[in-house]
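Chain by chain, the residues run as shown.
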Amino acid sequence: LYVEGTPSNEDAMEIQVEANQYNYEYTYPSGETSDTLVVPEGQVIALNVTSCHPSECPEENGEGNVWHTWTSPDLKASTDAIPGQYTQTWFQADSTGTYDVQCRELGGSGHSGMNCNAEEDDQGYVKALSDDEFEQWCTDNNCMDEEELTDWLGTGGDNT
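Let us look at the structure shown here. (Residues numbered from 1 in each chain as written. Predicted model: local features only at pLDDT ≥ 70, side-chain atom pairs only at ≥ 80, totals over all residues. Heavy atoms only, no water.)

Take the state of the cysteines next. All told, the structure shown has 1 disulfide when counted by the stated rule. In this model, Cys 138 is linked to Cys 143 through a disulfide, with the two sulfur atoms separated by 1.7 Å. Here the disulfide of Cys 138 and Cys 143 is left-handed, its torsion about the S-S bond being about -95 degrees. Residue classification places Cys 138 among the buried residues on the basis of a relative accessible area of 1%. (Disulfide = S-S within 2.5 Å. Buried < 20%, exposed > 50% of the residue type's maximum accessible area, 1.4 Å probe, protein only.)

Structure below.
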């Protein structure tokens, strides 16, 4: 895991991650959601991770009200997903391609569904695109305001 040289959040795209039983949902700055985390290569991505939004956690043990983790070994990023709380991590994909995501907390019989890779799964993993490909994907999927996207990609989003 990266310990030193943590980038400033002002240089990162902040994405919300909700770990549910048994999948991940990614929310972009615009509020749009995706079941696969699509990012530009070489840009700093800051994740705010929970296992259920604090205002929506069930009072009793219920669906989604368990601990998970969001871990991507190849991206050297990991953090707990705790009901009713947010934890943070960040990463930077150095090249285009796909990166596995794993949950390392046993949350029940569907736990294995949270080990996501592009070769076996149709969702959950990280997909890193070139800036041009990401800009097109983001425009098509309304992931953030166009001006904000242009400014962010123009800065390189990299403060490591």
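The rest of the description comes next.
Further remarks concern the environment of Ile 15. With respect to the helices, strands and loops of the structure, Ile 15 is situated in strand S1 (residues 13-20). With 75 residues separating them in the primary sequence, Ile 15 and Trp 90 have C-alpha atoms 9.8 Å apart. When sequence neighbours within four positions are dropped, the list of residues in contact with Ile 15 reads Tyr 26, Thr 27, Tyr 28, Leu 37, Val 39, Ile 45, Ala 46, Leu 47 and Asn 48. (Helix = DSSP H or I, 4+ residues; strand = E, 2+ residues; numbered from the N terminus. Contact = heavy atoms within 4.5 Å.)

Of all hydrophobic cores here, the largest spans 33 residues; its most connected members are Ile 15, Leu 37, Leu 47, Trp 70, Phe 91, Val 126 and Phe 134. Among the secondary structure elements, those contributing two or more residues to this core are S1, strand S2 (23-27), strand S4 (37-40), strand S5 (44-50), strand S7 (77-81), strand S10 (126-129), helix H1 (131-141) and helix H2 (146-155). Residue contributions to this core peak at 4 residues, all from S1. Residues contacting Phe 91, with those up to four places away along its chain left out, are Leu 37, Val 39, Gln 43, Val 44, Ile 45, Leu 47, Trp 70, Leu 75, Ala 77 and Val 126. (Core = buried A, V, L, I, M, F, W, Y, C linked by side-chain atoms within 4.5 Å.)

It is worth stressing that arrangement in space is one thing and function is another; only the former is reported here.
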